[in-house]
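Examining the three-dimensional arrangement
Listed below, chain by chain, are the residues.
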Amino acid sequence: MSLAVGALFVAQRVLVPGRVGSAPEGVSLAWSLLLPEEARAAYDALDAAALINEEGAGANAEPATEPEPDLELLLIAETSTDATLDGQILSISGFMVPLDNDRRTTRQFLLVPYQGACIHTPAPPPNQVISVYSDKDARRFHNWQPVTITGRMSVARDSTALAEAGYVMALERIEAFREDSTDESFVVAEGAHNSPLL
């Protein structure tokens, strides 16, 4: 009996082009939901302090120097993670930053919210980076092509050569991102990246 169960598990994990195994659908997650309430509050406090400094600099005749941000608030804002995501099967879309040297497949990569992160631009904060591991070869996508991944999320720190990650995912499935006009989980971000994933 256990041999049959083991064979079924192996059969479910067979590599299918563009996917890693056959996995259950995960709860769709937007990048902003990786930030817990304390991180949002810290970002709000940092923004408020910057606004106060800008307004105060306008009244002075001397040129203002850029004030140093509150390092404690910055640490909370950039490293706080949401413990409620630990152990859940989730789906999230982003951009792949492979960490291994195979040209066609990968077993370890970072998922980031905007194109070029960690390669052409600095890495996002750790609570906006997911380190993804696969026990099977997964299709490697170009770093300009958004992907959707599904897997079991762990709230754990992972240090790589390119970035610090606040989350780790055991990959179950990867596929090219398809924007669904009825899907409201992605809001087009305003700004330089204009990513539908943020």
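This structure is a prediction, so every number in the text was calculated from the model and none was measured.

Description of the overall build of the protein
Of regular secondary structure, the protein possesses three helices and 10 strands. Listed by position from the N terminus, the elements making up the protein come as α-β-β-β-α-α-β-β-β-β-β-β-β. For the protein, the residues scored as buried account for 38% of the 198 residues in total. Per element, the accessible surface of the protein, about 11600 Å² overall, is 55% carbon and sulfur.

Details of the confidence of the model for the protein
Residues with a pLDDT of 70 or more make up 72% of the protein, whose mean pLDDT is 78. Per-element confidence in the protein is highest for strand β9 (residues 164-165), whose mean pLDDT is 96, and lowest for helix α1 (residues 2-12), whose mean pLDDT is 33. Contacts from residues 186-198, a stretch scored under 50 in pLDDT, to residues over four places away or in other chains number 29 contacts.

Section: the pattern of salt bridges
Summed over all chains, the structure comprises two salt bridges. Notably, a salt bridge pairs R107 with D137, separated by 2.7 Å at the nearest N-O pair. Of this pair, R107 sits in strand β5 (residues 105-112) while D137 sits in strand β6 (residues 130-139); the two residues are 30 residues apart in sequence, bridging distant segments of the chain. With relative accessibility at 40%, the residue R107 sits in the partly exposed group. Residue classification places D137 among the partly exposed residues on the basis of a relative accessible area of 29%. As a salt-bridge pair, E175 and R178 come within 3.9 Å of each other at their nearest N and O atoms. For E175, a relative accessible area of 18% translates into the label buried.

Quick word on the nonpolar core
Within the largest apolar cluster, 20 residues are counted, with the highest numbers of intra-cluster contacts made by L34, L111, I130, I149, M153 and I174. Elements supplying a minimum of two residues to this core: β4 (89-98), β5, β6, β7 (146-154) and β10 (167-176). Counting residues per element, this core draws most heavily on β10, at four residues. Beyond its immediate sequence surroundings of up to four residues, L111 is in contact with W31, I92, S93, G94, F95, M96, Q128, V129, I130, V132, V147 and I149. Grouped together as the second largest cluster of nonpolar side chains are 10 residues, L110, V112, Y114 and V129 included.

Re a negative patch on the surface
Taken together, the side chains of E37, E38, D44 and D47 define an acidic patch exposed on the protein surface. Within the secondary structure layout, E38 lies in helix α2 (residues 37-59). The exposure class of E38 is partly exposed, given its relative accessible area of 42%.

Basis of the calculations
All residue numbers refer to position in the chain's written sequence, counted from 1. For a predicted model such as this one, the threshold for reporting local features is a pLDDT of at least 70, and the threshold for listing and counting side-chain atom pairs is 80 or more; totals across whole chains, interfaces and linings nevertheless cover every residue. In computing side-chain values, all of the structure's heavy atoms are included and hydrogens and water are not. We count a stretch as a helix when DSSP gives it H or I for four or more residues in a row; a strand needs E for two or more, and each element gets its number in order from the N terminus. Burial classes follow relative accessibility: with a 1.4 Å probe on protein chains only, a residue under 20% of its type's maximum area counts as buried, one over 50% as exposed, and anything between as partly exposed. Residue-level accessible areas treat just the shown protein chains as cover; the underlying method is Shrake-Rupley with a 1.4 Å probe. Confidence scores labelled pLDDT are given residue by residue by the predictor and lie between 0 and 100. The contact criterion used is simple: two residues touch if any of their non-hydrogen atoms lie within 4.5 Å. By salt bridge we mean one thing: a side-chain nitrogen of Lys or Arg within 4 Å of a carboxyl oxygen of Asp or Glu. Definition of nonpolar core: a set of buried residues of the types Ala, Val, Leu, Ile, Met, Phe, Trp, Tyr and Cys, connected through side-chain atoms within 4.5 Å. Patch definition: residues with relative accessible area over 30% and no salt bridge; like charges joined within 9 Å; nonpolar side chains (Val, Leu, Ile, Met, Phe, Trp, Tyr) joined within 5 Å. Two residue types count as positive, namely Lys and Arg, and two as negative, namely Asp and Glu; His and chain ends fall outside the count. In this description, the location of a charge corresponds to atom NZ of lysine, CZ of arginine, CG of aspartate or CD of glutamate.

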